[in-house]
Amino acid sequence: MKYILLIVSLFAFHLTNSQSCSHTFSGEIHDFHNGASIEGATIYIQELNKYAISDKNGKFRFKNLCEGSVTVTVAHIGCETISLEITIQEDLFKIINLEHHFEALNEVKIEGHSGIKKTKTSQETVIKAETLEKYSASNLGDALKEISGVSSINTGNSIVKPVINGLHSSRIITLSNNVVLQDQEWGIEHAPNVDINSAGNVSVIKGSGALAYGGYALGGVIVLNPRNPSKTDSLYGQTITSAQTNGRGTNISSTLTKTYESGWYVSGQASAKRYGDFKAANYYLTNTGLDSKSFSFNTGFNSFEKGFNAYYSFVNNNIGILASSHIGNIEDLVNAINSNEPTVEEDFSYGIDSPRQDVTHQIAKASFYKRFKGIGKLNLQYDYQNNKRFEFDKRVGDDKNKASIDLTLQTHTVSSNLKIDKHDNKAFEVGFNAEYQNNFANPDTGIRRLIPDYDKYSFGAFITSEWTLNDKTLFDAALRYDFVNIDSKKFYQTSRWEERGYDADFSDIIINDLGTQLLTNPNFKYNTISASTGLTHQFNANNSILVNYSLSNRIPNPSELFSDGLHHSAARIELGDLRIKQEQSNRFSASYAYQTEFLKLNLEGFYNSINDFIYIEPTGVEQTIRGSFPVWEYQQTNAMLTGLDLSLNLTLNEHVHFANTTSYTKGRDLTQRRDLIDIPALKTINTISYNNKAWKNFNAELKSEWVFKQNEYPNNNFETYVATTDSYVLVDISTPPPAYHLLHFSTDVTLPTSKNTNLNVGLNISNLFNTSYREYLNRLRYFADDLGRNIMIQLKFNY
């Protein structure tokens, strides 16, 4: 037995020594961006419980390692911790890259919750998810009015277009999930076709400083950022439902997301809204119902070095337009203006009849990104949009259910950008986008087409730079070039062609003379340059300033060029002008911010000089076979807009807070020395709020909204002949309505329902005292009051 044990021991000793444990594992820790060595990184081998620290050259070493597989974890302050599977078979040397730009890393993780800004030297405000959720039953335009300097121009209560520092429509770029919306935004009665419930937060950038998105945003850029998935194995979601008294309607929105620690994710979101006739303080607003449906699907993969995203969204809005706003002729307009109540008043109904809009917008997007060591991040994207717009007028006979306007707008866009961020104190970005757009105006409406068929080809390229001069000062600059070609086919009545003087200026674009009509081929090419530069400086922990200059150019949109005829939903004749040139804006802005533990103050000022500013205004009356209608013509002038925006937040004690937002904008026609049309009036909002986390996270808020009368406006009133009275009467379409004051109240509590779920119950009362008022920037103010009191109960379930 002793000899047997001796032999076994010798054999085991031989096996132990035959497994080599003399290997070395060494390497270097580098910054992924610029390849610089990282000192002080911790390298840990889990199975052996061994540690090493990288030296000033980023080097580390483990000695006397046995063959086999081990898990190595590498960590450093300001970097994402990574784990690697290493196989030891011989001496091994490995370079390990860490992401050392903490802000860029966290942008992927937390932007959807905290709202990281898109720019550094532009006047930018971020609306967080908590605020957007309060507007789940409303629309984007209503939510954006939370920001000082942002208002809206409305067609009733459901068609709400954002206005930024007095500018709107084609002067504002709206992005949804990094797709620039192309949804006939030129129309003043065309609201953005987006579902606010699909956004994680919204950034509003005033002015045209964000050139990566386009060079024509004279007013600003609105960016709807999606909810960014976390890199954890999780399944989570949210359902918001509400019911309200005004419109007797309901809203429901649900989001569900599945994420994986590996970086894969998939999410879906759907919303539905249904409202009947809304109500002013004293009467129902007949035919103002809304039926809205939307859904989106989002999937992809996220890691630091690479990722992709596939996205699809569908939005459909069927919107009733106030019945009394439909006028058959100029006499109807006179009667409507002189009446204190709508000319059509009926009992409440959920029906949506003509006049109405039925708009469907679809987006399909695929994007990919890849980070290259020592260079930066490359992004590639393709997106397709389909916008289908029907506008229904009151018609009779076989055409009763036929649309007056039937437009299909299809847009294909390819874009790419490279962000070079390998330097600690500077960063650069270069990129381009190419776009093809086709508009088809269906002739089967049986009505003269307001907007013609056209093809639009666009190409843009940009470069931006950002320089950190020291720990308190940052400077940036950007340059962009755009080329646009619009190739259209349009019929003109020969009489209109000659009346506009086109026979002298554009005789070369006639391709077919049909006697009473001319088929023409307007083809326009535009080249534009845009630029911006800005600087931020932090004086100390409490005080900072921001200054910015931007040069931008906007080409005329199809409506401004080609409008020619009766716009039935607006009940007016609109005339574009083929001679209209591109606008050029020089905008100067400055901001001052003061912040302490108890006070936050932000004061923003701007001066915007716009050469060849394009606007539309009434010029007279024209007789048609349907009667007399006001004529509105697109014209150009040199204009100036200037203003101040104030935001103030004051913490009175642990539970009580006070906030104020005030905005004032002034617009002048420098050529004709008069005020500009459709400039928002001075508005100030004061809010007192109380919150107590110990009381089920109880919140209560009382908001005072004071809108002054707009006393600065152009006088476009005119006289017209009324046959029934055999007299000439003044048509007062210019005088703004009186000032008004509204009070709003809201409160909510959050009730835990399980370890990982909770239910938020909220009550919101708008126009608390049921005040009668009319808003200057509501196009239907001639026909009826704005909305009366609305009581809404909202349930928000987080799971």
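Residues numbered from 1 in each chain as written. Predicted model: local features only at pLDDT ≥ 70, side-chain atom pairs only at ≥ 80, totals over all residues. Heavy atoms only, no water.

**Q** Would you mind showing me how to read the overall build of the protein chain here?
**A** When helices and strands are counted, the protein chain shows 8 helices and 43 strands. The C-alpha atoms of the protein chain give 31 Å as radius of gyration, which agrees with the globular expectation for 799 residues (28 Å, within 12%). Taken along the three principal axes of its C-alpha coordinates, the protein chain extends 135 × 65 × 55 Å. A burial count over the protein chain gives 52% of its 799 residues as buried. Counting only contacts in the protein chain whose residues sit at least 6 apart along the sequence, the fraction spanning at least 24 positions is 66%. Carbon and sulfur atoms form 55% of the exposed surface of the protein chain, whose accessible area is close to 35,500 Å². Here the protein chain carries 73 positive and 86 negative side-chain charges, and the mean point of each set is 6 Å from the other. (Helix = DSSP H or I, 4+ residues; strand = E, 2+ residues; numbered from the N terminus. Rg over C-alpha atoms; globule rule 2.2 N^0.38 Å. Buried < 20%, exposed > 50% of the residue type's maximum accessible area, 1.4 Å probe, protein only. Contact = heavy atoms within 4.5 Å. Areas by Shrake-Rupley, 256 points an atom, 1.4 Å probe, with all protein chains shown as cover. Lys, Arg positive; Asp, Glu negative; His and termini not counted. Charge placed at Lys NZ, Arg CZ, Asp CG, Glu CD.)

**Q** Any chance you could explain the sheet that holds strand β13 (residues 201–206) here in plain terms?
**A** Each strand in a sheet pairs with another by means of backbone hydrogen bonds, the pair being arranged parallel or else antiparallel. Sheet architecture is open: 5 strands sit in the order β8-β13-β14-β11-β12, paired in mixed fashion. This sheet does not close on itself; its edge strands, each paired only once, are β8 (123–127) and β12 (179–180). In this sheet, strand β14 (residues 220–225) lies alongside strand β11 (residues 172–176) in parallel orientation, the contact comprising 5 bridges. Within β14, the residue paired with I172 across the bridge is G220. (Pairing = 2+ DSSP bridges.)

**Q** How should the pattern of salt bridges be read in this particular structure?
**A** If the charged atoms of two oppositely charged side chains come close together, the side chains can form a pair. Tallied over the full model, the rule gives 31 salt bridges. In this structure, the salt-bridge partner of E28 is K59, at a minimum N-O distance of 2.6 Å. Here E28, found in strand β1 (residues 23–31), pairs with K59, found in strand β4 (residues 59–65); they are 31 residues apart in sequence, far enough to count as distant. Look at E28 and you get buried, because its relative accessible area is 14%. The partly exposed category is assigned to K59, whose relative accessible area is 39%. For E617, the salt bridge identified is with R674, shortest N-O distance 2.7 Å. On the criterion of sequence distance, the pair formed by E617 in strand β33 (residues 599–624) and R674 in strand β36 (residues 674–675) is long-range, its members being 57 residues apart. (Salt bridge = Lys/Arg side-chain N within 4 Å of Asp/Glu carboxyl O.)

**Q** Before we go on, may I ask you to explain the confidence of the model for the protein chain in this structure?
**A** Note that predicted coordinates carrying low pLDDT should not be read in detail. The predicted model of the protein chain averages 90 in pLDDT, with 94% of residues at 70 or higher. For the stretch residues 10–17, pLDDT sits under 50, and the model shows 0 contacts to residues farther than four places along the chain or on other chains. Counting interchain partners and residues more than four positions distant, the pLDDT-below-50 stretch residues 102–114 has 26 contacts. (pLDDT = per-residue confidence, 0-100.)

**Q** Sorry if this is basic, but what is going on with the pairing of β14 here?
**A** Successive residues of a regular strand alternate their side chains across the two faces of the sheet. Most of β14 is tucked away: 6 of the 6 residues are buried. Burial of the side chains of β14 extends over both faces: G220, I222 and L224 are buried on one face and V221, V223 and N225 on the other. Here 6 bridges tie β13 to β14, and the two strands are oriented antiparallel to one another. Note on β14: the bridge partner recorded for N201 is N225.

**Q** What am I meant to see in the packing of aromatic side chains here?
**A** Centre distance and the angle of the planes are the two values used to describe a pair of aromatic rings. A full pass over the atoms with the stated rule returns 31 aromatic pairs. Look at W264 and F308: their rings are 5.6 Å apart centre to centre, the planes differ by 75 degrees, and that puts the pair in the edge-to-face class. One end of the pair, W264, is in strand β17 (residues 264–275); the other, F308, is in strand β19 (residues 306–320), with 44 residues separating them in the sequence. Of the residues examined, W264 reaches a relative accessible area of 42% and is grouped as partly exposed. Across from the ring centre of Y284, 5.0 Å away, lies the NZ or CZ of K279, which sits over that ring. Seen from the ring of F392, R356 lies directly overhead, with NZ or CZ sitting 3.9 Å from the centre. (Phe/Tyr/Trp six-rings, centres within 6.5 Å; stacked < 30°, edge-to-face > 60°. Lys NZ or Arg CZ within 6 Å of the ring centre and 35° of its normal.)

**Q** Got a minute to help me understand the nonpolar core in this structure?
**A** Proteins that are soluble and globular tend to have nonpolar side chains buried together. If you look at the biggest cluster of nonpolar residues, it comprises 52 residues, and the most contacted ones within it are I486, W497, L578 and F783. At the level of elements, α5 (330–338), β22 (405–420), β25 (473–493), β28 (523–538), α8 (558–562), β33 and β34 (627–651) are the ones that each hand at least two residues to this core. Top contributing element to this core by residue count: α5, with 4 residues. (Core = buried A, V, L, I, M, F, W, Y, C linked by side-chain atoms within 4.5 Å.)

**Q** Is there a simple way to think about a nonpolar patch on the surface in this case?
**A** A cluster of nonpolar residues, Y382, V414, V430, F432, F459, I463, L479, Y481 and I529, forms a patch on the protein surface that exposes about 720 Å² of accessible area. The residue F459 is located in strand β24 (residues 453–468) in this model. (Patch = residues over 30% accessible without salt bridge, like charges linked within 9 Å, V, L, I, M, F, W, Y side chains within 5 Å.)

**Q** I would appreciate a short explanation of unusual backbone geometry in the present structure.
**A** Excluding glycine, a negative phi dihedral is what most residues carry, and trans is how most peptide bonds are arranged. Of note, the amide linkage connecting S354 to P355 takes the cis form, showing an omega dihedral of 5 degrees. Of note in the backbone geometry, N697 takes a positive phi value of approximately 55 degrees without being a glycine. As for its placement among the helices and strands, N697 is situated in the loop between β37 (683–692) and β38 (698–707).

**Q** I keep staring at the side chain of N543 and nothing clicks. Help me out?
**A** Within the secondary structure, N543 is located in strand β29 (residues 543–554). The buried category is assigned to N543, whose relative accessible area is 17%. Leave out the neighbours within four places in its chain, and N543 touches H537, Q538, Y592, A593 and Y594.

**Q** Looking at this model, I keep getting lost on the side chain of T174. Mind explaining?
**A** Residue placement: T174 occurs in strand β11. Using a relative accessible area of 9% as the deciding quantity, one classes T174 as buried. Those residues in contact with T174 that lie beyond four places of it in its chain are V179, V180, L181, I222 and L224.

**Q** It is not clear to me how the sheet that holds strand β7 (residues 92–98) should be interpreted in this structure. Could you clarify?
**A** Here we have 3 strands laid out as an open sheet, ordered β4-β1-β7, and mixed in their pairing. A strand with exactly one partner marks an edge of an open sheet, and here the two such strands are β4 and β7. Here the average twist between neighbouring strands, direction ignored, is 20 degrees. As defined by bridge partners, β1 adjoins β4 across 5 bridges and the pair is classed as antiparallel. Bridged to H23 within β4 is L65. (Axes fitted to C-alpha atoms, helices over the stretch in contact; angles between N-to-C directions.)

**Q** Can you walk me through α5 in this structure?
**A** Among all positions in α5, only I330, L333, V334 and A336 are buried. All buried residues of α5 fall inside an arc of 165 degrees around its axis, so they share one side. (Arc of directions from axis to C-beta.)

**Q** Honestly, the environment of P737 in this entry has me stumped. Any pointers?
**A** Topologically, P737 is positioned in the loop between β40 (727–731) and β41 (740–752). You can call P737 buried: its relative accessible area is 11%. When the C-alpha atoms of P737 and S465 are compared, they prove to be 47 Å apart, with 272 residues separating the residues in sequence. With residues near it in sequence (within four places) discarded, P737 still touches K709, R774, E775, Y776 and R781.

**Q** Would you take a moment to explain the pairing of strand β43 (residues 790–798) for this structure?
**A** Inspection of the sheet shows strand β15 (residues 234–244) paired to β43 by 7 bridges, in the antiparallel sense. Looking at β43, one finds that Q238 is bridged to N798. Here strand β42 (residues 758–766) runs beside β43; their pairing, made up of 9 bridges, is antiparallel. Looking at the pairing, N760 lines up with K796 of β43.

**Q** Looking at this structure, I do not really get the environment of L519. What am I missing?
**A** Looking at the secondary structure, you find L519 in strand β27 (residues 517–520). In this structure L519 comes out as buried when scored by relative accessible area, which is 18%. Taking the C-alpha atoms as reference, L519 lies 7.1 Å from K489; in sequence the two are 30 residues apart. Ignoring anything within four residues of it in the chain, the contact list for L519 reads K490, F491, I509, I510, I511 and N512.

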